[in-house]
2 protein chains.
Amino acid sequence: MVDVLGFDADDTLWHNERHYRHAQKQLEELLHPYASPERVQEVLLEHEHANIPFYGYGVKGFVLSMIETMLELSHDAIPAADIGKIVAQARHMLSVDVELMPGVSTLLEDLSDSYDILVITKGDLLDQRSKMDRSGLGKYVSRIEVISEKTPAAYREVLTRHNIQPDQFIMVGNSLRSDILPVLEIGGGAVYIPSELQWDHELVEDPHLDGYHQLESIRELPSLLALLDSRT
Amino acid sequence: MVDVLGFDADDTLWHNERHYRHAQKQLEELLHPYASPERVQEVLLEHEHANIPFYGYGVKGFVLSMIETMLELSHDAIPAADIGKIVAQARHMLSVDVELMPGVSTLLEDLSDSYDILVITKGDLLDQRSKMDRSGLGKYVSRIEVISEKTPAAYREVLTRHNIQPDQFIMVGNSLRSDILPVLEIGGGAVYIPSELQWDHELVEDPHLDGYHQLESIRELPSLLALLDSRT
């Protein structure tokens, strides 16, 4: 019987990717004299991938990867002031208002009556906790777990630490790679809610997997949970 | 009776500040045409302070603060290639070998027979876990807790989560501000081991406090613990 729900945070509970896209748009404009927008996207993604083992996920590493992209594509010819505009994105992205997905607040309030709710996210520790504080959702959540990488081992470690069996647990998120595949692998349940915007790094080609549920909107979650509950 | 030891990581278990000083030295050299080393230090510390609520602690935020310092002191006249040299510091600092303080490995191995050992640190999640992996100390440590800020509330939360009473707990670290004061405040014990190099942000002026123990080297810790144990 499922009594613990795990929620991804970015682009599941609140918008996030749009702020990354906005910053990337500015990067493309600043690099216009040196490279096409497509080339900027390509080189930026290369830097982001190469940097993940060092920087991890989150705004600060993203901004450092954007600066590396500027230096590479301009062959160090970019004016320092333009780099300053990208550095300013870090402060902006780390303090911008948290925009919840529609209906999320009521949803978590209702679900918290029947389920223990964990938020399991990657990214920068301080930024994720700060967004949780600013979101007003903290009161419905028993714990926020910020982890470096969403691997099966990392999910197993979180569940063990909270004394949760995998068959008691359903994870809800917008990334097949991070929220769905690893949880299915350890025997948990998973609900995939694709988001409008998705970071290329999170895409999985042709995952060939089943056993998870897919919803159009997080607002459909209570009906799905009721259905699952009626079957057990 | 004390049966849980908490250890700070940076500049308590392994060297850290020296890598920050090395990077800062390079910053001073690159900014030589624009400002004195003293002015660079002053402006860098201002940026670091102002950025902590947004960036938190750790290498990535430090590098972003160094870039802001370059832009400010050069009035955006710094060549992009020089900014590139500072960005390269991020990768370097995040992958440099972990140099343990002398005797730390044997010390933790011995202490782990009699005490439960936690490592409680702030900074970037991925970087701190990666350093712990590279340090080889993981096998003596029951858990590493990376927290955003070392406040009394944060320590209380960690202890509660692990079912530890404050009087069972002693924290060992090199910062009065982060490792000693907040732990005394919640009723735990504390051992202060000043480090050779200390970040100005961690300094506390004239703390007027007692109730903690001070050692010259972490190697003196077993004797102190034996003495404390004999008194209870």
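Fair warning: this is a prediction, and the values are worked out from it, not measured in the lab.

The rules behind these values
- Residues numbered from 1 in each chain as written.
- Chains lettered and ligands numbered in written order.
- Predicted model: local features only at pLDDT ≥ 70, side-chain atom pairs only at ≥ 80, totals over all residues.
- Helix = DSSP H or I, 4+ residues; strand = E, 2+ residues; numbered from the N terminus.
- Rg over C-alpha atoms; globule rule 2.2 N^0.38 Å.
- Buried ≥ 20, exposed ≤ 12 C-beta atoms within 10 Å, placed from the backbone.
- Core = buried A, V, L, I, M, F, W, Y, C linked by C-beta atoms within 7 Å.
- Contact = placed C-beta atoms within 7 Å.
- Least-squares fit on C-alpha atoms with pLDDT ≥ 70 in both.
- Axes fitted to C-alpha atoms, helices over the stretch in contact; angles between N-to-C directions.
- Parallel < 35°, antiparallel > 145°, perpendicular 65-115°, else oblique.
- Left-handed = near helix turned anticlockwise from the far one by under 90°.
- Domains from an automatic or database assignment.
- Nonpolar A, V, L, I, M, F, W, Y, C, P; charged D, E, K, R; others polar.
- Pairing = 2+ DSSP bridges.
- Expected span 1.5 Å × (residues − 1).

Comments concerning the overall build of chain A
Point 1. Counting its secondary structure elements, chain A contains nine helices and six strands.
Point 2. Against the globule reference of 17 Å for 232 residues, chain A gives a C-alpha radius of gyration of 19 Å, in line with a compact fold.
Point 3. For chain A, the C-alpha atoms occupy an extent of roughly 65 × 35 × 30 Å along the three principal directions.
Point 4. Counting every position in chain A, which comprises 232 residues, the buried fraction comes to 41%.

Some remarks on the nonpolar core
Point 1. Judged by nonpolar contacts, the single largest core of 68 residues is most densely connected at Val119(A), Ile170(A), Val172(A), Val119(B), Ile170(B) and Val172(B).
Point 2. Setting aside residues up to four positions removed in sequence, Val119(B) forms contacts with Phe7(B), Ala9(B), Met132(B), Val141(B) and Ile144(B).
Point 3. Ile78(A), Ile83(A), Met93(A) and Leu73(B) belong to the second largest nonpolar core, which has 46 residues in total.

Some thoughts on the relation of the copies chain B and chain A
Point 1. Take chain B, turn it by 180°, move it 0.0 Å along the axis, and it overlays chain A with an RMSD of 0.0 Å. Given the turn and translation reported, the copies of this chain are related as if by a two-fold rotation axis.
Point 2. Counting the interface residues of chain B, we find that 100% of their copies in chain A are interface residues as well, pointing to one common contact surface.

Some words on the packing of helix α3 (residues 59–74) of chain A against helix α4 (residues 80–95) of chain A
All names here are of chain A.
Point 1. Direction vectors running N to C along α3 and α4 enclose 165°, while the axes themselves pass 9 Å from each other. In terms of their interaxial angle, α3 and α4 are classed as roughly antiparallel. Our pair here, α3 against α4, has a crossing hand that is right-handed. On α4, the residues that touch Val59, Lys60, Val63, Met66, Ile67 and Met70 of α3 are Asp82, Ile83, Ile86, Val87, Gln89, Ala90, Met93 and Leu94.

Brief notes about the domain arrangement of chain A
Residues and elements named next belong to chain A.
Point 1. Here chain A is described as being made up of domain 1 (4–15 + 98–231) and domain 2 (17–95).
Point 2. On a C-alpha basis, the centroid separation for the pair domain 1 and domain 2 is 28 Å.
Point 3. Of the residues lining the interface, 13 residues belong to domain 1; the matching set on domain 2 comes to 13 residues.
Point 4. Taken together, the residues that form the side of domain 1 that touches domain 2 break down as two nonpolar, six polar and five charged.

Section: the sheet that holds strand β1 (residues 4–7) of chain A
Residue and element names in this part refer to chain A.
Point 1. Taken in spatial order, the six strands make up an open sheet running β3-β2-β1-β4-β5-β6, and their pairing is parallel. With one partner strand each, in any of the chains shown, β3 (143–147) and β6 (213–214) form the two edges of the open sheet.
Point 2. Of the strands in this sheet, β4 (169–173) and β5 (189–192) touch helix α8 (residues 176–185), which is tilted by about 155° from β5.

Thoughts on the environment of Gly211(B)
Residue and element names in this part refer to chain B.
Point 1. Position of Gly211 among the secondary structure elements: in the loop between β5 (189–192) and β6 (213–214).
Point 2. With 8 C-beta atoms packed within 10 Å, Gly211 lands in the exposed category.
Point 3. Sequence separation between Gly211 and Gly189 is 22 residues, and the spatial gap between their C-alpha atoms is 7.8 Å.

Overview of the interface of chain B and chain A
Point 1. Contact residues are listed per partner, giving 29 residues for chain B and 29 residues for chain A.
Point 2. Elements with a contribution of two residues or more to the side of chain B that touches chain A: α2 (37–55), α3 (59–73), α4 (80–95) and α6 (125–135) of chain B.
Point 3. No other element matches α4(B), which puts nine residues into the side of chain B that touches chain A.

Concerning the sheet that holds strand β4 (residues 169–173) of chain B
Residue and element names in this part refer to chain B.
Point 1. Strand order across the open sheet formed by six strands is β3-β2-β1-β4-β5-β6, with parallel pairing between neighbours. Looking along the sheet, the strands with just one partner apiece sit at the ends: β3 (143–147) and β6.
Point 2. Looking at chain direction, strand β2 (residues 116–122) and β3 are connected through five bridges and run parallel. Counterpart to Val119 in the pairing with β3 is Ile144.

Section: α3(B)
Given 3.6 residues per helical turn, the α-helix brings residues three or four places apart onto the same face.
All names here are of chain B.
Point 1. Compared with the 21 Å implied by 1.5 Å per residue over 15 residues, the 21 Å span of α3 between its first and last C-alpha is a close match.
Point 2. With 13 of 15 residues buried, α3 is to be regarded as a mostly interior element.
Point 3. Where α3 ends, the next residue or the one after it, His75, has phi of about 50°, a positive value.

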